[in-house]
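Tertiary structure, described
The lines below spell out each chain.
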Amino acid sequence: MVTMPRSAETWHLDDAAVGPLIRAAHLGKRRTYKKGEYLYHQGEVDSRFYFILRGHVQIFASREDGTEFTLEMMGQWAVCGEGSAFDGKPYFTSAVAQEDTEVIAFDAGVVTAAFRELPELAVALLRIVALKQRIIAVRAQYLASPKPEARIAELLHRLADFYGTADASGAIGIGISLTHEQMAAMTGTTRVTVTRVLKRLRDQGVIQIKGRQLRILDLARLMQ
C-alpha cells in the first residue's frame, strides 16, 4: 500500500478533538475497507459514524443528473457520517475508501449513553460539528461565486491553513497530492479550468509550483 501524504487531505481535527475520540475507542469497533469500498452510501439510514485511523476517504454527494460533487478528502483522525448517525436521517453524502483504510465505527446510541462518564467526548463532537459548520459556510460563500478562481483560491487557502509552513520570506509551502480532477470536483469546475487557474496564479507571481510542492507567495493576492 502506498500511503498518501497528509496534504492529500482537505480536512482534519486538532489534538483537542482527537484525544477524546482515541480514548473512547473501546466504545466502537475497528473495521478495514479496501480501496473502492464504501463506508456508507448517500440515502442510507444508519446509526454509525466513523473515525479514520489510517487511509483516505472521499466524501461526495450525488446529484439527480448523476454527476458527483466532492466535499472533502478525509484522512487520519478525521470523522465522517456523524450528522446522520445522530439525527437518524439518511446519509446526505457517500464515503468511499481511496486506499486501504482502517476506521473505528462508533454507534451513535452507544456514544450518547457514554456522555455522562465521558463528557470530554461530547465536547469533542461539538467541536467537530462547529468546525464543519465553519468550513461549510466559507465554502458556500466561495462556491456561490461565478468565478472559478475564487473557489480554487479558497481550497488553496484552506490547505495552507491546515498544512502550510511559512519560510523566512513569508511564503507558505504546502504539498499538493490532490489531482487537478479532484480539485475540480471539490470546486465545481473542470480539470482544464483548475490547470488554467493555477498557471495564471503562477504567471502572476501569486504561487510557485515545483513538482508536488506549491508555495503561496502572496496570500493576500490569492484571495482577491
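1. Section: the sheet that holds strand β1 (residues 29–33)
If you trace the four strands from one edge of the open sheet to the other, you get β1-β8-β3-β6, paired in antiparallel fashion. Each edge of the open sheet carries a strand with a single partner, namely β1 and β6 (79–80). Pairing of strand β3 (residues 48–54) with strand β8 (residues 101–107), which is carried by six bridges, proceeds in the antiparallel orientation. Paired with Tyr 50 across the strands is Ala 105, a residue of β8.

2. Points about the environment of Ala 171
Looking at the secondary structure, you find Ala 171 in the loop between β9 (165–166) and β10 (172–175). Judged by its relative accessible area of 3%, Ala 171 falls in the buried class. Measuring from C-alpha to C-alpha, the distance between Ala 171 and Gln 208 comes to 9.5 Å, with 37 residues separating the pair along the chain. Aside from chain neighbours lying at most four places away, what touches Ala 171 is Thr 165, Ala 166, Arg 215, Ile 216 and Leu 217.

3. Some points on the pattern of salt bridges
Inspection of the entire model under this criterion finds seven salt bridges. A salt bridge links Arg 48 to Asp 46; the nearest nitrogen and oxygen atoms lie 2.7 Å apart. By relative accessible area, Asp 46 is classed as partly exposed at 22%. Note that Glu 149 is salt-bridged to Arg 200, the shortest N-O span being 2.4 Å. Linking Glu 149 in helix α5 (residues 148–163) with Arg 200 in helix α7 (residues 191–203), this pair joins segments that are 51 residues apart in sequence.

4. As for the confidence of the model for the chain
Residues of the chain with pLDDT of at least 70 account for 91%, and the chain-wide mean is 86. Note on residues 1–7: pLDDT is under 50 here. Beyond four places in sequence and across chains, it has 17 contacts.

5. Observations concerning the pairing of strand β4 (residues 57–62)
Here β4 lies mainly inside the structure; five of its six residues are buried. Pairing between β4 and strand β7 (residues 94–97): four bridges, direction antiparallel. The residue of β7 that forms the bridge with Gln 58 is Val 96.

6. A look at the packing of helix α6 (residues 180–187) against α7
At their nearest, the axes of α6 and α7 sit 8 Å apart, and the two run at 100° to each other. Taken together, the axis directions place α6 and α7 in an arrangement best described as roughly perpendicular. Each of His 180, Glu 181, Met 183, Ala 184 and Thr 187 in α6 lies in contact with α7, whose residues at this interface are Arg 191, Val 194, Thr 195 and Leu 198. Partitioned by chemical class, the residues of the contact of α6 with α7 number four nonpolar, three polar and two charged.

7. What about the sheet that holds β4?
Strand order in the open sheet made by the four strands is β2-β7-β4-β5, with antiparallel pairing throughout. In the strand order of this sheet, the two ends are held by β2 (38–40) and β5 (68–74), each with one partner. With strand direction ignored, the average angle separating the axes of adjacent strands in the sheet is 30°. In this sheet, β5 lies alongside β4 in antiparallel orientation, the contact comprising six bridges. Bridged to Ser 62 within β5 is Glu 68.

Reading the values: rules and limits
- Residues numbered from 1 in each chain as written.
- Predicted model: local features only at pLDDT ≥ 70, side-chain atom pairs only at ≥ 80, totals over all residues.
- Heavy atoms only, no water.
- Pairing = 2+ DSSP bridges.
- Helix = DSSP H or I, 4+ residues; strand = E, 2+ residues; numbered from the N terminus.
- Buried < 20%, exposed > 50% of the residue type's maximum accessible area, 1.4 Å probe, protein only.
- Contact = heavy atoms within 4.5 Å.
- Salt bridge = Lys/Arg side-chain N within 4 Å of Asp/Glu carboxyl O.
- pLDDT = per-residue confidence, 0-100.
- Axes fitted to C-alpha atoms, helices over the stretch in contact; angles between N-to-C directions.
- Parallel < 35°, antiparallel > 145°, perpendicular 65-115°, else oblique.
- Nonpolar A, V, L, I, M, F, W, Y, C, P; charged D, E, K, R; others polar.

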